[in-house]
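Residue-level listing of the chains:
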Amino acid sequence: MFWDHFQFWGEHLLLVGIWVSLALSLNLINGSTGLFSLGHQGFFGVGAYTAAMLVAVLPEKMGWGAPGIGLFLLSFPLAMLTAALFGLLVGVPCLRMRGDYLAIATLGFGEIFRIFAINSETMGQSRGLSVPNVVRAFFLDTLKMERDDARHLELIFYIALSWGLSLLIFVCMRNLMRSAHGRAIMAIREDETAAELLGVNLTRYKVLVFVLGAGMAGLSGAVYAHYLRYVVPEQFALMQGVIFVVIVVMGGMGSFSGTVIATIIIYFIPVLLSFSPDSVRVPVFFEPGRGLVYRSPKELWQVIFSLLLIGMILLRPQGIMGSREVTFGWMRKRAESAPGKGGVT
Amino acid sequence: MSAAPILAAEQLDVFYGGIQALRGVSLDVREGELVTLIGANGAGKSTTLKTIAGILAPKSGKVRFNGAEIQGRSSHLILRDGLALCPEGRRIFPNLTVDENLDLGAYVRHDAQGVKDDVARWHATFPILKERARQLAGTLSGGEQQMLAIARALMSRPKVLMLDEPSLGLAPKLVDQIFAVLKELKGRGVTILLVEQNARQALEVADRGYVLETGRIVKHGPASDLSGDPAVRKAYLGG
């Protein structure tokens with residue numbers, strides 16, 4: 001019984017960990033630096049496909065037999081490097097553009113990648129690739145575990161991996177933003193021209209941020225591909241990227257803790273809605289002649305998502321956290337000033 | 001006045017698309033001088049500073065700074081050479097604190113102690129910045145923001161400071177304050193190239209002046225001569 005629940009919630013926990021890691025790297029690009037990228041799902045996809053091809057396609061083509069744990073481990077740095085390389089290729093020409101133009105150029109990259117995958121024989125076209133379960137095989141064959149134990153340990157391993165990755169990215173970003181480089185990055189977001197007049201090399205920092213963000217997204221992609229054990233082009237469609245942009249905006253541009261909170265909220269809305277019993281129907285539409293049209297809340301997550309976004313923009317346009325972070329000092333201050341309205345506004 | 005100028009623009013031609021904004025503009029600034037560039041709206045004053053600072057590229061002409069030709073270099077490199085521009089409209093970072101703004105001014109420096117000393121020095125010069133050190137810069141008044149912008153530009157320890165319309169949009173009392181600050185900086189030996197619409201006060205503090213009209217330098221000379229010149233008086237000093 002416990003393990004059944006664990007299987008269900010554990011998987012959500014794992015996926016939300018991957019989402020958090022992806023949202024954090026996008027927050028560096030869109031939030032901290034103010035580069036409006038709509039192509040983050042593309043870098044995520046590059047990482048996922050790199051990892052998948054390394055364990056699914058390469059051993060087969062080379063006649064190596066089943067992929068071992070070495071290839072599995074190698075797939076992470078390789079996914080990161082490949083995605084970072086794509087970040088560099090896209091970044092160098094595109095980062096000379098500002099605002100809307102950059103958004104369109106990065107959107108173009110994401111779509112080109114997806115359409116390329118649909119048409120590429122090696123990448124499995126629209127059927128995608130299925131990825132062998134290297135971790136399970138390692139637990140069963142090398143460590144000689146029981147079937148159930150291996151299954152549970154596999155999930156625990158991936159939960160630790162996805163949240164470990166999120167933690168790693170979180171710490172790296174926090175340290176980056178607290179350094180002199182972080183100051184320069186914030187200055188670019190606030191006012192590019194003023195930053196350049198103070199000696200900040202715009203192109204260097206923008207490319208650096210973009211490559212770093214893309215590489216991190218590639219890592220998230222590798223975890224995703226290995227856990228789900230399949231990759232298809234539709235997982236990396238534009239709408240996926242848009243959801244992550246919404247998460248970053250909702251969390252507060254540049255706030256890493258805000259991003260984590262927003263990711264968890266956005267991820268769990270459809271999950272919680274899926275629990276609504278079938279007897280619950282809500283009126284959504286009035287059709288003349290037929291009266292009210294009822295739907296189950298399960299089908300309404302996109303409506304709720306949009307309402308949430310509209311509400312956010314009206315009530316708290318700076319995002320959940322603004323550009324601040326949740327810190328221990330901040331929480332103490334909140335607790336002390338809780339009865340009154342005090343504190344910094 | 002025998003020393004070679006530290007900053008010199010020679011025959012600058014600058015275009016915005018097909019429209020020529022500067023026509024053969026030449027000027028020079030010697031070490032320790034306060035030189036002002038005056039003229040009406042749209043005469044090309046800001047364009048001249050932007051071109052010198054590397055934001056705009058001249059179609060022809062040269063900019064010499066400290067013995068090297070710098071036209072066409074990127075702004076961030078020009079700042080590293082020691083030529084700072086305090087841009088029009090202040091352009092402070094509103095969501096960073098006053099001290100973070102100052103720290104960013106010293107972005108190109110790596111002497112932590114020297115930076116600390118300079119922050120203390122500009123805090124002493126502009127007490128209001130010390131008072132508001134941890135406040136977001138966007139919450140400062142216009143005049144305070146201008147003080148911050150000037151202090152921020154000085155944080156890189158430039159050899160020459162260029163100021164673009166520091167009195168723009170300020171109440172008369174604050175304008176007086178800004179000019180008092182410029183006078184003080186000059187007293188400390190800071191070399192300044194000042195662009196102003198407020199010609200009267202600019203000529204009062206300056207050593208020399210240039211008058212710019214529709215992209216051309218039409219007059220230049222010691223500031224006192226210019227403020228005595230009937231044509232200049234009529235056009236820029238209200239008779």
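Scroll up to find the structure.
Residues numbered from 1 in each chain as written. Chains lettered and ligands numbered in written order. Predicted model: local features only at pLDDT ≥ 70, side-chain atom pairs only at ≥ 80, totals over all residues. Heavy atoms only, no water.

1. A short note on the packing of helix H3 (residues 98-105) of chain B against helix H6 (residues 142-154) of chain B
Residues and elements named next belong to chain B.
Move 1: Direction vectors running N to C along H3 and H6 enclose 30°, while the axes themselves pass 7 Å from each other. Taken together, the axis directions place H3 and H6 in an arrangement best described as roughly parallel. When you trace H3 past H6, the crossing you get is right-handed. Residues Val98, Asn101, Leu102 and Gly105 of H3 pack against Leu148, Ala151 and Arg152 of H6.
Move 2: When the residues that make up the contact of H3 with H6 are grouped by side-chain class, the tally is 4 nonpolar, 2 polar and 1 charged. (Axes fitted to C-alpha atoms, helices over the stretch in contact; angles between N-to-C directions. Helix = DSSP H or I, 4+ residues; strand = E, 2+ residues; numbered from the N terminus. Parallel < 35°, antiparallel > 145°, perpendicular 65-115°, else oblique. Left-handed = near helix turned anticlockwise from the far one by under 90°. Contact = heavy atoms within 4.5 Å. Nonpolar A, V, L, I, M, F, W, Y, C, P; charged D, E, K, R; others polar.)

2. Let's talk about the sheet that holds strand S7 (residues 160-164) of chain B
Residues and elements named next belong to chain B.
Move 1: Taken together, 6 strands build an open sheet; the order of strands is S6-S7-S8-S3-S9-S10 and the sheet is mixed. This sheet does not close on itself; its edge strands, each paired only once, are strand S6 (83-86) and strand S10 (216-222). Mean inter-strand twist for the sheet, computed between neighbouring axes without regard to direction, equals 15°.
Move 2: By the bridge criterion, 5 bridges tie S7 to strand S8 (residues 191-196) in an arrangement that is parallel. Residue pairing in the sheet places Val160 in a bridge with Thr191 of S8.
Move 3: Running over the sheet, helix H7 (residues 172-187) touches strand S3 (34-39), S7 and S8 and is turned about 155° from S8. (Pairing = 2+ DSSP bridges.)

3. Thoughts on the side chain of Glu154 of chain A
All names here are of chain A.
Move 1: Locating Glu154 in the fold gives a position in helix H6 (residues 147-178).
Move 2: Residue class for Glu154 comes out buried when judged on its relative accessible area of 4%.
Move 3: Here Arg136 takes part through its side chain, which lies 2.4 Å from a polar atom of the side chain of Glu154.
Move 4: Not counting chain neighbours up to four residues away, the residues in contact with Glu154 comprise Asn133, Val135, Arg136 and Phe139. (Buried < 20%, exposed > 50% of the residue type's maximum accessible area, 1.4 Å probe, protein only. Polar contact = N/O pair within 3.5 Å; in protein donor to acceptor, adjacent residues only side chain to side chain.)

4. Considering the interface of chain B and chain A
Move 1: Each side of the interface is counted separately: chain B has 21 residues, and chain A has 17 residues.
Move 2: Buried surface at the junction of chain B and chain A, summed over both partners, amounts to about 1800 Å²; 62% is from carbon and sulfur atoms.
Move 3: Broken down residue by residue, the surface that chain B buries against chain A is led by His76, Phe93 and Tyr107 of chain B, which jointly contribute 35%.
Move 4: In this assembly, chain B and chain A are joined by 3 salt bridges.
Move 5: For Asp191 of chain A, the salt bridge is made with Arg91 of chain B, and the minimal N-O distance between the two is 2.9 Å.
Move 6: Looking at the side of chain B that touches chain A, the elements that each hand over two or more residues are helix H2 (75-81) and H3 of chain B.
Move 7: Across the side of chain B that touches chain A, the residue classes break down as 11 nonpolar, 5 polar and 5 charged. (Buried area = accessible area lost by both parts, 1.4 Å probe. Salt bridge = Lys/Arg side-chain N within 4 Å of Asp/Glu carboxyl O.)

Keep in mind that these numbers describe shape and distance, not what the molecule does.
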